[in-house]
Amino acid sequence: MAGRIIFVSIALVLIALGLTVPFLPLQNVTATPAGTLSQVSSGLVHEDSLTSGGSGCTWDGSKDNSTSNINTDYWLIYGDAVNEGSTWTACEGSSGLWLGSEGSSQYGWAGIYAESPNETVMLFHADLTLPAKTIESGGDFNTGLYVQTANGLINYVACYANVLGPDEYQWGAEIATGNTQETTNNTEIWNGPVQTGTSSSTEDCTIVTNGANILYVYMDGTLVYGSTNAGLTNMPEPFNAYLEVESHDASQLLWASYTDYYSNLNSSVAVQGVPAGDTAEIFDGSTVEATATNTGSAVQTLYLGIAQYELPLAGTLEIVSGSNTVLASTSSTSFWGGDVYSYTPATTSSSSSSSTTSKSSSSSCGSSGCSLTVLSENTLGNTITGYYTELLTSSGSVVTDGFTPVTFTLSSGVGYEVQSDSYTVCTFSHWEGGGLSGSTTDPAPISITSPTTIEAVYSGSSCGPQTTNTTTTTTTTSTTPTSTSTTPTTTSTTSTTTSSTMSTSTTSTTSTKTTTTSSTSTTTTSSEPSSLAPDGSASTGCGYVTSCSVKLTTASSGPDVIIVGCNCYPISEASTFSVSDTAGLTFHSLAEISIGGNEFMEEWYAIAPSRLTSDTISVTSTDTGETWYGVVAFGISGANTANPFDPNPSLPVGQTNTLGCPSSLPCNTGVSTTNPNDFVFQIGGDTGSTLQTAGAGMTLIQATKAGEDIYGQYEVLSGTTLSSATLSFGTAQGYDFGVIAVAVQAGSATTTTTSTTPTTTTTTSTTPTTTTTTSTTSTTPTSTSTTPTTTTTTSTTPTTTTTTTTTTSSGAPSVTVESVNQDGQTITGYWTVLRTSSGTTVSTGYTTKTFTDVKAGTTYELELDSYTVCTFEYWQGTTNSGLLTFTATDGPQTFVGVYDCTNAAAPVSHSTTNLLTQASLPLGTASLVVGISLVVGGVDKYHKRGGRRSVP
């Protein structure tokens with residue numbers, strides 16, 4: 001493979017200026033791959049060519065509208081053109097997704113868009129085309145790819161094309177901020193040259209952002225804006241992508257088209273486990289497209305930036321040693337931003353033979369020594385992992401170390417010491433196994449002659465799962481009566497005489513019968529899902545107040561899940577709304593969506609441990625201006641209150657103003673559940689005055705149109721799940737509505753059955769009695785004596801022991817992710833992601849972060865990212881420098897990420913404002929801002945969630 005061409009690192013400024021650097025051949029590469037590279041997870045979240053709509057969409061300027069050709073399971077087609085009564089059209093054909101709009105004679109600007117679902121990703125891409133006809137027609141018109149926060153504010157970053165006049169247009173990129181109705185501030189971050197001509201113009205646009213400090217924009221693979229200090233405000237994840245057109249020309253229909261849409265988790269391919277001095281690279285057969293080298297002294301995760309390419313990027317992933325030897329290589333594959341791979345070095349083995357035959361030994365140690373495995377558990381016997389352990393010589397010198405579970409190799413019969421350290425909430429208590437059981441000595445002396453396993457036992461009230469086993473023993477003993485038998489033994493003394501003697505013997509038998517009755521009890525315990533049901537409800541409406549309350553009474557003895565929903569106004573003050581009650585429950589925010597008209601829907605939940613009686617539940621705002629409330633509250637009995645919600649990653653589902661709902665019914669589409677016995681409910685609201693009814697298969701909980709419209713309905717699943725289902729209310733509403741669907745999972749009901757089996761035992765004992773009569777006709781009598789001998793046998797019925805085991809749990813499963821620097825000092829604000837074992841994102845946050853949406857017994861993955869001067873090194877207690885795989889248990893778990901912040905003067909903590917990994921970017925640590933900065937005033941149009949104007 002000698003003579004390959006390899007991209008070398010180049011400065012950001014050179015990239016921006018379009019300058020190049022000579023490519024250098026990679027010399028003396030030997031193709032001897034021996035290690036393995038395996039994919040851990042994919043970074044692809046969604047891909048749509050936008051050309052699969054068939055041949056029914058032909059754009060010749062006609063006003064056909066074939067939304068049925070569009071994948072409306074993913075895309076929402078909407079825009080202010082719908083509200084304003086403007087002519088608009090949308091269609092997908094073999095040449096792309098086409099969107100068109102006429103300007104509004106009343107409002108000026110009018111637009112139509114395709115909106116993606118909420119996605120927690122960093123990279124968005126689409127190819128945008130201005131057709132010749134649109135350019136020729138002139139007039140104010142623009143199209144773009146917008147990445148906007150899903151929190152209801154119109155805050156976004158975009159790449160766009162703007163038609164300035166007949167045969168004149170310009171490509172650009174911008175940052176915009178606004179309220180829930182419109183943009184109020186636009187900042188141009190790049191402007192391409194003004195172009196003239198009547199030919200179609202196409203640019204492929206890639207946007208990489210975390211909504212906070214990171215923003216990179218590529219146009220046709222060229223970086224036009226890049227910064228790790230972008231200063232984006234009020235733009236938190238998740239995001240929606242918009243493909244959108246806006247027109248100010250009310251005299252004609254103008255349009256644009258889109259192809260090749262995709263969204264990725266981030267902008268780079270991560271390669272775990274790369275040794276010091278080695279390089280990871282993506283090689284396409286002739287050119288190294290992306291490369292990174294581990295310049296440190298320990299194994300690291302490397303990041304290969306690929307955002308500049310149109311993805312997927314084809315090639316092979318390779319690990320190359322410092323001596324230019326290919327150590328491992330994948331087959332030809334396609335790479336997406338956010339893909340994760342893991343490298344496993346080759347293992348070296350050798351064998352030898354000997355003609356010497358030796359007698360087999362009882363020791364199973366190999367020629368290299370004996371294995372000592374050190375495990376760790378808490379004092380309740382539950383496994384815990386990741387505790388630092390050292391193997392020492394008998395004089396105390398360190399031989400090697402590791403984190404439990406760990407295996408060391410010892411010389412057979414040689415004395416060593418083993419030490420396990422305490423950490424945070426877990427304190428070393430004692431050893432078990434290997435001749436050390438009960439020893440509190442640490443380090444403890446140990447010598448082995450065969451493979452041995454020992455456990456380091458740790459104490460602490462929060463150390464690992466706090467699950468205990470209690471054993472109760474009941475003993476019943478029955479004894480069979482003693483059976484006695486007597487056997488006569490006769491001894492005779494006779495004198496010799498001439499007289500005769502006659503003896504007569506008579507034997508009789510006495511029988512005794514004893515009957516003993518005992519019983520055996522068998523107890524069977526079985527668990528079935530609890531019966532889920534609504535448990536009380538109430539609703540009300542209020543206006544121009546700071547608090548709006550309902551009184552809720554439940555019938556169940558508890559515990560219940562309590563749900564509170566609010567259709568509230570204004571969304572600009574959404575963060576000031578909260579829930580409290582007189583029973584002292586703790587309410588948590590569950591979901592929030594904007595529904596237009598400056599209104600929003602929000603849901604909260606709490607766990608009520610016992611029955612509620614006239615509990616006053618209040619939705620309160622600190623806003624003293626104009627406020628409106630529509631409030632509904634209800635209880636759910638039979639739920640798994642330790643882990644209430646179905647873990648399906650699609651839940652909760654929020655949906656607003658969608659044309660995908662049948663017959664304009666407020667609905668949620670794409671509702672899926674994982675568990676087969678869920679309580680599925682929806683809470684909705686709107687800006688009209690509609691008293692809602694229940695939809696098909698649903699039961700109404702409450703509906704009111706006082707204050708703000710609010711309504712709720714439910715369905716209890718029975719042995720089935722939902723798969724991309726559509727759940728609707730029963731009365732048409734139009735466009736300004738919002739509905740949130742949630743699924744609560746059942747708890748377990750325990751049934752105990754006891755059966756008793758009687759047992760009767762009969763024992764019969766027989767006692768013989770012998771009587772002897774002697775008649776003598778002699779002067780010398782014959783003497784006969786009888787001596788009874790008694791033998792006694794006693795039998796006892798075996799003892800019956802019944803053992804009952806009761807398991808108690810410490811509470812709901814949770815996972816806390818902490819971060820520390822190389823000196824063990826706490827640092828905070830580092831981005832962490834919780835995923836399923838298949839790579840699906842469950843939740844995200846910033847350290848210190850506690851995830852409660854985990855299920856005991858389920859396997860998950862954790863990711864921690866680097867930022868600026870602090871580089872993620874490994875998970876404490878492991879040598880793992882990448883994704884951490886773990887299985888959730890009952891009760892809390894804590895994992896700690898260790899960072900190398902040696903370039904920082906002090907422990908570095910960050911604001912929890914979406915600080916995603918800088919290492920995942922393709923451009924290193926520098927910041928680059930290219931283009932013209934122009935701050936523009938308010939836009940000249942009114943719209944609801946959409947209809948942005950790129951340039952006034």
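Quantities reported herein were computed from a predicted structural model and do not represent experimental measurements. (Residues numbered from 1 in each chain as written. Predicted model: local features only at pLDDT ≥ 70, side-chain atom pairs only at ≥ 80, totals over all residues. Heavy atoms only, no water.)

Draft legend 1. A look at the packing of aromatic side chains. A complete count under the given rule lists 24 aromatic pairs for this structure. Ring geometry for Phe335 against Tyr341: centres 5.7 Å apart, planes inclined by 55°, an arrangement best described as tilted. By relative accessible area, Phe335 is classed as buried at 0%. Between Phe634 and Phe681, the aromatic rings sit 5.4 Å apart at their centres with planes inclined by 85°, giving edge-to-face as the arrangement. Of the two residues, Phe634 sits in strand β46 (residues 628–637) while Phe681 sits in strand β49 (residues 679–686), which places them 47 residues apart along the sequence. Pair check on accessibility: Phe634 and Phe681 agree, each one buried. (Phe/Tyr/Trp six-rings, centres within 6.5 Å; stacked < 30°, edge-to-face > 60°. Buried < 20%, exposed > 50% of the residue type's maximum accessible area, 1.4 Å probe, protein only. Helix = DSSP H or I, 4+ residues; strand = E, 2+ residues; numbered from the N terminus.)

Draft legend 2. Spotlight on the sheet that holds strand β59 (residues 831–836). On the basis of which strands lie adjacent, the open sheet formed by four strands has the order β60-β59-β62-β64 and antiparallel pairing. Across the chains shown, the open sheet's two edge strands, defined by having one partner strand only, are β60 (841–846) and β64 (884–887). If you compare each strand with its neighbour and ignore which way they point, the axes differ by 25° on average. (Pairing = 2+ DSSP bridges. Axes fitted to C-alpha atoms, helices over the stretch in contact; angles between N-to-C directions.)

Draft legend 3. Just the pattern of salt bridges, in detail. Scanning the entire structure with this criterion turns up one salt bridge. Across the pair Glu863 and Arg835 runs a salt bridge whose closest N-O atoms are separated by 2.7 Å. With a gap of 28 residues between them, Glu863 in strand β62 (residues 859–864) and Arg835 in strand β59 connect regions that are remote in the sequence. Each of the two residues, Glu863 as well as Arg835, counts as buried. (Salt bridge = Lys/Arg side-chain N within 4 Å of Asp/Glu carboxyl O.)

Draft legend 4. Region of the structure containing the side chain of Asp615. Looking at where Asp615 falls in the secondary structure, it is placed in strand β45 (residues 615–621). Although Asp615 is buried, it makes no salt bridge; Lys551 carries the closest opposite charge, 8.0 Å away. Within the structure, the side chain of Asp615 is placed 2.9 Å from the side chain of Thr582, a separation counted as a polar contact. Here Asp615 is in contact with Val550, Lys551, Leu552, Asp581, Thr582, Ala583 and Leu585, once residues within four sequence places are set aside. (Lys, Arg positive; Asp, Glu negative; His and termini not counted. Polar contact = N/O pair within 3.5 Å; in protein donor to acceptor, adjacent residues only side chain to side chain. Contact = heavy atoms within 4.5 Å.)

Draft legend 5. Up close: the pairing of strand β24 (residues 313–320). Within β24, seven of the eight residues are buried, which leaves it mostly tucked inside the rest of the structure. Where strand β21 (residues 279–283) meets β24, five bridges bridge the pair, whose relative direction is antiparallel. The residue of β24 that forms the bridge with Phe283 is Thr316. Direction of pairing for β24 relative to strand β26 (residues 333–335): antiparallel, over a ladder of three bridges.

Draft legend 6. How the structure looks around the nonpolar core. With 51 residues, the main nonpolar core has Trp75, Leu145, Leu215, Val217, Leu243 and Tyr258 as its most contacted residues. Apart from the residues lying within four places of it in its own chain, the contact partners of Val217 are Cys159, Ala173, Ile189, Thr206, Thr222, Leu223, Val224 and Tyr225. Residues Tyr262, Ile282, Ala290 and Leu311 belong to the second largest nonpolar core, which totals 31 residues. (Core = buried A, V, L, I, M, F, W, Y, C linked by side-chain atoms within 4.5 Å.)

Draft legend 7. Spotlight on empty space enclosed by the protein. This model, assessed by the stated rule, comprises three cavities of 30 Å³ or more. For the largest cavity, the calculated volume is near 190 Å³. Around the largest cavity, the lining comprises 18 residues; the ones closest to its centre are Ala270, Tyr303, Val340, Glu863 and Leu883. Those elements that provide at least two residues to the lining of the largest cavity are β20 (268–274), β23 (300–305) and β62. The leading source of residues in the lining of the largest cavity is β20, at three residues. (1 Å grid on protein atoms, 1.4 Å probe; cavity = no way out; pocket = protein on both sides within 12 Å on 5 of 7 lines; lining within 4 Å. Points joined across faces, edges and corners; volume = space filled by probe spheres on them.)

Draft legend 8. Focus on the environment of Met235. One can find Met235 in the loop between β17 (222–227) and β18 (239–247). C-alpha separation for the pair Met235 and Asn155, spaced 80 residues apart in sequence, amounts to 6.0 Å.

Draft legend 9. Broad picture of the state of the cysteines. All chains considered together, the criterion is met by six disulfides. One disulfide in the model links Cys566 with Cys568; its S-S distance is 1.7 Å. Because the sign of the S-S torsion sets the handedness, a value of about 100° for the bond joining Cys566 and Cys568 places this disulfide among the right-handed ones. The exposure classification of Cys566 matches that of Cys568, with both residues buried. Here Cys870 connects covalently by a disulfide to Cys901, the sulfurs 2.1 Å from one another. Disulfide Cys870 to Cys901: torsion about the S-S bond roughly 125°, handedness right-handed. With Cys870 in the loop between β62 and β63 (871–875) and Cys901 in the loop between β65 (892–900) and β66 (934–936), this residue pair connects regions lying 31 residues apart in the sequence. Of the two residues, Cys870 and Cys901, neither departs from the other in class, the shared state being buried. (Disulfide = S-S within 2.5 Å.)

Any functional reading would require information that these geometric values do not contain.
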